[in-house]
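Report on the structure
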Amino acid sequence: MLFRSTRRRANTITTVNERTAAMLASFQVFTRPPLGAEVYNLRDVAEQALAFRRYGLGRARIEATVEGIAAAPVRAELRPLMQAVLNVILNAEQALAGRPGENRIAITVGRDGEGTADDRVWVSVEDNGPGSPAEAGSGAGAPALTLGRNSRLGLGLLAARQIVERDRKSTRLNSSHT
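From a predicted model like this one, the values you see are computed outputs, not experimental measurements. (Residues numbered from 1 in each chain as written. Predicted model: local features only at pLDDT ≥ 70, side-chain atom pairs only at ≥ 80, totals over all residues. Heavy atoms only, no water.)

**Remarks on the pattern of salt bridges**
Overall, the coordinates contain four salt bridges when judged by the stated rule. Linking R43 and E47 is a salt bridge whose minimum nitrogen-to-oxygen distance equals 2.9 Å. Of the two residues, R43 and E47 are both situated in helix α2 (residues 42-59); the distance of four residues between them amounts to about one turn of the helix. (Salt bridge = Lys/Arg side-chain N within 4 Å of Asp/Glu carboxyl O. Helix = DSSP H or I, 4+ residues; strand = E, 2+ residues; numbered from the N terminus.)

Next up, the structure:
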C-alpha cells in the first residue's frame, strides 16, 4: 500500500515539474532581451502562446486547439508577436469565462497564396462565446471597451492591434452576437 502511495506522489511531482518547466520555457520569451526582427513560424508562436495559457484554460474547462498549416514564416520581433497572439487568446478566454456548456477556442494558422515569400500568413482566434453586440461595431479593440463578463479595462485587443500594425502588418476583427 505504501508503495502505491509513494508512486502516486512521485507521479504527481513529475507532472507538476513538467508543467512548471513548460510554463517557464514559454515565459522566457517575455524575459529575454529583444532580438530584433527575425523569421519565426507563426504556428510555433501560436502553440507557445496557447501553452502559456493551457493550465488556466483547463481550469476554466475551455478546450483550445491550434490547426492549419505547419509552416507559416513571418518576420517580426518575437516578444511583441507572442504578446499580440496571447492577448487575443486571453480575450477569447475571458469571453468564455463562466459560461455553461462546451467552450472552445480554435486557433488557425494559414497562408494566402501559393507558398511564395510574398504570401500573407495569418492567425485566426475563434471562440464559441456570445460574440460582440452590433453596437460595438468598429469600436472593438478600442481602449476601455470591454465586452466580456469581467469589468476590466479592455486593452488586450487594442495592444494586439497596435503591436501588429506597428510592424506594417494588418489586423481584422470579426464578431457576431448570438
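From this point on, the discussion continues.
**Here's the deal with the sheet that holds strand β5 (residues 120-127)**
The three strands are arranged β2-β4-β5 in an open sheet whose pairing can be described as mixed. Edge positions in the sheet fall to β2 (62-68) and β5, since each has one partner strand and no second. Each adjacent strand pair in this sheet contributes to an overall mean axis angle of 10 degrees, direction not counted. Pairing of β2 with strand β4 (residues 103-112), which is carried by seven bridges, proceeds in the parallel orientation. Bridge pairing in β4 places E67 opposite T108. (Pairing = 2+ DSSP bridges. Axes fitted to C-alpha atoms, helices over the stretch in contact; angles between N-to-C directions.)

**Topic: the packing of α2 against helix α3 (residues 78-96)**
Think of two packed helices as two axes; the pair is described by the angle between the axes and how far apart they sit. At a minimum axis separation of 9 Å, α2 and α3 run at an interaxial angle of 45 degrees. Regarding the angle of α2 to α3, the classification is oblique. Along this stretch, α2 crosses α3, giving a crossing that reads as right-handed. Together, L42, V45, A46, Q48, A49, L50, F52, R53, G56 and L57 of α2 and L78, L81, M82, V85, L86, I89, L90 and E93 of α3 make up the contact between the two elements. Within the contact of α2 with α3, the residues separate by chemical class into 14 nonpolar, two polar and two charged. (Parallel < 35°, antiparallel > 145°, perpendicular 65-115°, else oblique. Left-handed = near helix turned anticlockwise from the far one by under 90°. Contact = heavy atoms within 4.5 Å. Nonpolar A, V, L, I, M, F, W, Y, C, P; charged D, E, K, R; others polar.)

**Let's talk about the nonpolar core**
Residues L42, V45, L50, I105 and I107 are the most contacted members of the largest nonpolar core, which totals 25 residues. Elements supplying a minimum of two residues to this core: α2, β2, β3 (73-76), α3 and β4. If you tally residues by element for this core, the top one is α3, at eight residues. When neighbours within four sequence positions are excluded, L42 is seen to be in contact with A72, V74, L81, V109, V121, W122 and V123. (Core = buried A, V, L, I, M, F, W, Y, C linked by side-chain atoms within 4.5 Å. Buried < 20%, exposed > 50% of the residue type's maximum accessible area, 1.4 Å probe, protein only.)

**Section: α3**
The end-to-end C-alpha distance of α3 is 27 Å, a good match for the 27 Å that 19 residues give at a rise of 1.5 Å each. Among the residues making up α3, those that are buried are L78, P80, L81, M82, A84, V85, L86, N87, I89, A92, E93 and L96. One or two steps after α3, the chain reaches G98, where phi turns positive at roughly 80 degrees. (Expected span 1.5 Å × (residues − 1).)

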